[in-house]
Amino acid sequence: MTTESSTKKEILKLEATKEALLSEDDILWDEVNAAERDLVYLRRALETSQKG
């Protein structure tokens, strides 16, 4: 598995986790924010690797 494909897989996993957290009755905002932070980082890393 390439780094790019594993990064894409991790992005999909984090997006699913974030959606699951947001669908809860009692939203854990710290967890949602952490997932969003990681998503931003991974998307930037993926974009940079695709350019370079």
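Refer to the structure above for everything that follows.
Calculation criteria
- Residues numbered from 1 in each chain as written.
- Predicted model: local features only at pLDDT ≥ 70, side-chain atom pairs only at ≥ 80, totals over all residues.
- Heavy atoms only, no water.
- Helix = DSSP H or I, 4+ residues; strand = E, 2+ residues; numbered from the N terminus.
- Rg over C-alpha atoms; globule rule 2.2 N^0.38 Å.
- Buried < 20%, exposed > 50% of the residue type's maximum accessible area, 1.4 Å probe, protein only.
- Areas by Shrake-Rupley, 256 points an atom, 1.4 Å probe, with all protein chains shown as cover.
- Polar contact = N/O pair within 3.5 Å; in protein donor to acceptor, adjacent residues only side chain to side chain.
- Expected span 1.5 Å × (residues − 1).
- Arc of directions from axis to C-beta.
- Contact = heavy atoms within 4.5 Å.

Draft legend 1. Highlighting the overall build of the protein chain. Of the regular secondary structure elements, the protein chain holds 2 helices and 0 strands. At 13 Å, the protein chain has a C-alpha radius of gyration far larger than the 10 Å of a compact globule built from 52 residues. With respect to the principal axes defined by its C-alpha atoms, the protein chain has extents near 40 × 20 × 10 Å. Scored against the burial criterion, the 52 residues of the protein chain give a buried share of 19%. Of the roughly 4,200 Å² that the protein chain leaves accessible, carbon and sulfur atoms contribute 52%.

Draft legend 2. Layout of the environment of Ser23. Along the chain, Ser23 falls in the loop between α1 (3-22) and α2 (29-51). On a C-alpha basis, the gap between Ser23 and Ser6 in space is 26 Å, while along the polypeptide they are 17 residues apart. Within the local environment of Ser23, its side chain forms a polar contact with the backbone oxygen of Ala20, the two atoms lying 2.8 Å apart.

Draft legend 3. Molecular detail of α1. End to end, α1 covers 28 Å across 20 residues, agreeing with the expected 28 Å (1.5 Å per residue, within 8%). Buried residues of α1: Thr7, Ile11, Leu14, Lys18 and Leu21, and no others. All buried residues of α1 fall inside an arc of 95 degrees around its axis, so they share one side. Along α1, exposed side chains directed more than 90 degrees from the buried face belong to Lys9, Leu12, Lys13 and Glu19. Contact partners of the buried residues in α1: α2.

Draft legend 4. Seen up close, the side chain of Lys18. With respect to the element layout, Lys18 can be found in helix α1. In this view, Lys18 contacts Val32, Ala35, Glu36 and Leu39; residues no more than four positions away in its chain are not counted.

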